[in-house]
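Take a look at the letters that make up each chain.
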Amino acid sequence: MRLTLYTDFSLRVLIYLGAKDQNELSTIQEISDKYRISKNHLTKVVHELGKMGLIETVRGRGGGIRMKLRPEEINVGQLVRKTEDDFYLVECFSADGNRCILSPVCRLKGALQEALLAYFAVLDKYTIADFIVNKDELAAILFGKPL
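As the structure is a prediction and not an experimental result, all values here were calculated from the model.

About the cut-offs
- Residues numbered from 1 in each chain as written.
- Predicted model: local features only at pLDDT ≥ 70, side-chain atom pairs only at ≥ 80, totals over all residues.
- Heavy atoms only, no water.
- Helix = DSSP H or I, 4+ residues; strand = E, 2+ residues; numbered from the N terminus.
- Rg over C-alpha atoms; globule rule 2.2 N^0.38 Å.
- Patch = residues over 30% accessible without salt bridge, like charges linked within 9 Å, V, L, I, M, F, W, Y side chains within 5 Å.
- Areas by Shrake-Rupley, 256 points an atom, 1.4 Å probe, with all protein chains shown as cover.
- Salt bridge = Lys/Arg side-chain N within 4 Å of Asp/Glu carboxyl O.
- Buried < 20%, exposed > 50% of the residue type's maximum accessible area, 1.4 Å probe, protein only.
- Disulfide = S-S within 2.5 Å.

**Quick look at the overall build of the chain**
Okay, so step 1: Along the backbone of the chain there are 6 helices and 2 strands.
Okay, so step 2: Traced from its N-terminal end to its C-terminal end, the chain shows the element sequence α-α-α-β-β-α-α-α.
Okay, so step 3: Rg of the C-alpha trace for the chain: 18 Å, well past the compact-globule value of 15 Å for 147 residues, more than 25% over.
Okay, so step 4: C-alpha extents for the chain along the principal axes are approximately 60 × 30 × 25 Å.

Laid out in structure tokens, this is it:
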């Protein structure tokens, strides 16, 4: 399995915001600079995370973004499901695009479906809170705060 950059950036934004104090605001530019990723891509990600109700935006001078939900309320498996386009590991996972002649008798699809379910079973065990338990170390790297 390989996650898209969109999902990767979504996770990183939530880790960044989760590592800050709950009411502290961040800007897209700040996050973009720290992670060295495109501000344009990040703007789309932040917009979508806002639409999902995971972060809130504060407009105007001195505005920014911050977590809307507590990190322990954001399930990683659910987030990945929402931010990925599809989970077609092979052609036959798509009813529309399947032209494989083996499909009627193939056993591979079942094994791959089982692997996909196991993948999500693992991700479903985690929340963003699990990835920020080392807040001091994250703060040292992300915000230059001493350990």
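**Description of a nonpolar patch on the surface**
Okay, so step 1: Where nonpolar side chains cluster on the molecular surface, the patch consists of Val122, Tyr126 and Phe131 and spans about 240 Å² of accessible area.
Okay, so step 2: Counting through the fold element by element, Phe131 comes out in the loop between helix H5 (108–123) and helix H6 (135–143).
Okay, so step 3: For Phe131, a relative accessible area of 33% gives the class partly exposed.

**Regarding the state of the cysteines**
Okay, so step 1: Applying the stated criterion across every chain yields a total of 0 disulfides.
Okay, so step 2: As a non-bridged cysteine, Cys100 has Cys106 as the owner of its nearest cysteine sulfur, 6.2 Å distant.
Okay, so step 3: A relative accessible area of 34% places Cys100 in the partly exposed class.
Okay, so step 4: Overall, Cys106 belongs to the partly exposed group, its relative accessible area being 31%.

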